[in-house]
Amino acid sequence: QAPSAPLKALTPAPLGVAVMSGQLDDPAWTTLARRHVSQLTPEWEMKMEYILGDDGAFRFDAPDRIDAFARANAMRLHGHALIWYSQGQDWFEAIKPARREQAFDDYIARVAGRYRGQVAGWDVVNEAVAEDGDGLRDCHWSAQFGQDGYIARAFERTRAADPDAVLFLNDYNLENLPRKGATFLRLVERLLRAGAPITGIGTQAHLDIDIPAGQITAFMRDAAAFGLPIHVSELDAPMGSGLIDRARRDARRRLQTARVTEYAEAFAALPERQRYAFTLWGLRDTDSFVNRQGGDDSPLAFDGDGRPTPLFQALADGF
Ligand code: XIL
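Residues numbered from 1 in each chain as written. Predicted model: local features only at pLDDT ≥ 70, side-chain atom pairs only at ≥ 80, totals over all residues.

Asker: I would appreciate a short explanation of unusual backbone geometry in the present structure.
Answerer: Generally, phi is negative for residues other than glycine and the peptide bonds are trans, each holding for most cases. Of note, the bond from His80 into Ala81 is cis; its omega dihedral lies within 30 degrees of zero at -5°. Checked against the element boundaries, Ala81 lands in strand S3 (residues 76-84). Backbone geometry at Glu127 places phi at a positive 60°, although glycine is not the residue there. Tracing the chain through its elements places Glu127 in the loop between strand S4 (119-126) and helix H7 (140-145). Judged by the 21 C-beta atoms lying within 10 Å of it, Glu127 is buried. One non-glycine residue with positive phi stands out, namely Ala205, at about 70°. We classify Ala205 as buried; it has 27 C-beta atoms within 10 Å. (Helix = DSSP H or I, 4+ residues; strand = E, 2+ residues; numbered from the N terminus. Buried ≥ 20, exposed ≤ 12 C-beta atoms within 10 Å, placed from the backbone.)

See below:
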């Protein structure tokens with residue numbers, strides 16, 4: 001069988017993938033990545049929980065390794081994620097209230113400053129919108145700075161630390177739950193009007209393959225209206241684990257194919273300057289966080305042996 005074309009050559013923008021530094025020691029992973037991928041997002045090791053660890057001392061060993069690998073292989077690096085509701089709570093709340101603003105600013109200055117000129121963009125704030133899509137989340141950041149306040153501040157501090165990076169507000173279920181997508185876009189609008197330097201929109205794209213046709217296209221059209229670069233930032237499309245019945249598995253595969261092709265088409269239809277990158281949340285099915293608890297789902301573009309899955313073809317068809 002002839003080897004498939006490199007996925008990055010079929011994609012009308014950089015083709016990204018999430019990576020853990022340990023995967024850089026796996027020659028099967030690195031060979032596949034060098035052939036197909038042109039951008040890396042650290043899956044875990046640029047997050048606050050890694051960088052600050054338990055003791056609050058900054059650690060940059062793993063993200064530096066990923067950065068070096070990206071550079072050595074002429075791949076772009078995407079920073080993920082500076083401020084996230086699910087991280088940093090213990091660290092932040094242990095700081096005296098009077099020192100918290102400074103600590104927040106210093107964290108961003110150090111991390112974004114270190115990778116200044118190395119990252120193409122940053123997910124500055126991740127997952128700000130409430131789970132049900134109604135309003136914003138309350139968290140340790142919003143308790144200190146207010147719901148819009150922590151977001152605006154994070155964007156301002158990141159802009160000061162890295163004047164050239166594209167600065168993303170990144171979230172999930174934006175296409176799966178239209179109500180959440182609308183709340184997200186209203187938030188972008190409000191923050192832009194208030195002068196926050198948001199310069200990119202990130203849609204994670206952890207897909208629910210049961211959504212109606214057209215919903216992805218509609219979200220992408222509404223998001224594109226801001227004229228900002230768009231990052232499809234973490235795509236995977238779980239079909240469900242344990243699909244032993246052949247007919248059922250085929251039916252799930254058809255739905256997966258249709259929705260993934262729709263995403264690729266909607267992305268390809270953007271004006272070129274709005275196509276930041278298209279990123280998959282893992283290279284092989286076996287790399288997926290969906291399967292980390294022992295599942296056998298097929299949410300990604302390559303199987304465990306590095307062969308293209310139907311999802312690879314669904315992307316190629318859409319691009
Ligand atoms: C996930 C990683 O894949 C896991 O390895 C880690 O344990 C938890 O985080 N949205 C995001 C990503 O923005 O950072 C998450 O990544 C998946 C959901």
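Further notes follow.
Asker: What is the right way to look at the nonpolar core in this model?
Answerer: Inside soluble globular proteins, nonpolar side chains tend to come together where they are buried. Judged by nonpolar contacts, the single largest core of 81 residues is most densely connected at Leu82, Val124, Ala154 and Tyr263. In contact with Leu82, not counting residues within four places along its chain, are Ile108, Val111, Ala112, Trp122, Asp123, Val124, Ala154 and Thr158. (Core = buried A, V, L, I, M, F, W, Y, C linked by C-beta atoms within 7 Å. Contact = placed C-beta atoms within 7 Å.)

Asker: What exactly am I supposed to notice about the environment of Ser288 here?
Answerer: Within the secondary structure, Ser288 sits in the loop between strand S8 (275-280) and helix H12 (310-318). For Ser288, a count of 20 C-beta atoms within 10 Å translates into the label buried. Put simply, Ser288 and Arg275 are 13 residues apart on the chain and 24 Å apart in space, counted from C-alpha to C-alpha.

Asker: What am I meant to see in the packing of helix H11 (residues 246-268) against H12 here?
Answerer: When two helices pack together, you describe them by how their axes are tilted relative to each other and by the distance separating the axes. At a minimum axis separation of 7 Å, H11 and H12 run at an interaxial angle of 35°. At the point where H11 passes H12, the crossing takes the right-handed sense. Seen from H11, the contacting residues are Arg253, Gln256, Thr257, Val260, Thr261, Glu262, Tyr263, Ala264, Glu265 and Ala268; seen from H12, they are Pro310, Leu311, Ala314, Leu315, Asp317 and Gly318. Of the residues in the contact of H11 with H12, the class split is eight nonpolar, four polar and four charged. (Axes fitted to C-alpha atoms, helices over the stretch in contact; angles between N-to-C directions. Left-handed = near helix turned anticlockwise from the far one by under 90°. Nonpolar A, V, L, I, M, F, W, Y, C, P; charged D, E, K, R; others polar.)

Asker: I keep staring at the pairing of strand S5 (residues 166-171) and nothing clicks. Help me out?
Answerer: Within a regular strand, the side chains alternate between the two sheet faces. Counting buried residues along S5, six of its six residues qualify, which places the element largely inside the surrounding structure. Here S5 shows a buried face lined by Val166, Phe168 and Asn170 and a second buried face lined by Leu167, Leu169 and Asp171. In the sheet, S4 pairs with S5 via five bridges, with the strands oriented parallel. Bridging across to S5, Gly121 finds its partner in Val166. Both S5 and strand S6 (residues 200-203) contribute to a ladder of four bridges, which runs parallel. Its bridge partner lying in S6, Asn170 is registered against Gly202. For the crossover that starts at S5, traverses helix H9 (residues 178-193) and ends in the parallel S6, the hand is right-handed. (Pairing = 2+ DSSP bridges. Right-handed = clockwise from strand over helix to strand, strands pointing away.)

Asker: Can you walk me through the packing of helix H6 (residues 100-114) against helix H8 (residues 149-161) in this structure?
Answerer: Direction vectors running N to C along H6 and H8 enclose 40°, while the axes themselves pass 8 Å from each other. Judged on the interaxial angle alone, H8 and H6 are oblique. Crossing of H6 against H8: the hand is right-handed. Facing H6, whose interface residues are Asp105, Ile108, Ala109, Ala112 and Gly113, H8 presents Ala154, Arg157, Thr158 and Ala161. The class makeup of the residues in the contact of H6 with H8 is five nonpolar, two polar and two charged. (Parallel < 35°, antiparallel > 145°, perpendicular 65-115°, else oblique.)

Asker: Whenever I open this one, the environment of Ala72 confuses me. Can you help?
Answerer: By the element assignment, Ala72 lies in helix H4 (residues 61-72). We classify Ala72 as exposed; it has 9 C-beta atoms within 10 Å. Along the primary structure Ala72 and Thr31 are separated by 41 residues, whereas in three dimensions their C-alpha atoms are 13 Å apart.

Asker: Quick question: what am I supposed to make of the environment of Ala33 here?
Answerer: Considering the arrangement of structural elements, one finds Ala33 in helix H2 (residues 27-36). Of the residues examined, Ala33 has 21 C-beta atoms within 10 Å and is grouped as buried. In this structure the C-alpha to C-alpha distance between Ala33 and Gly306, which are 273 residues apart in sequence, comes to 9.9 Å. With residues up to four places along the chain from it excluded, the contact list for Ala33 reads Val17 and Leu283.

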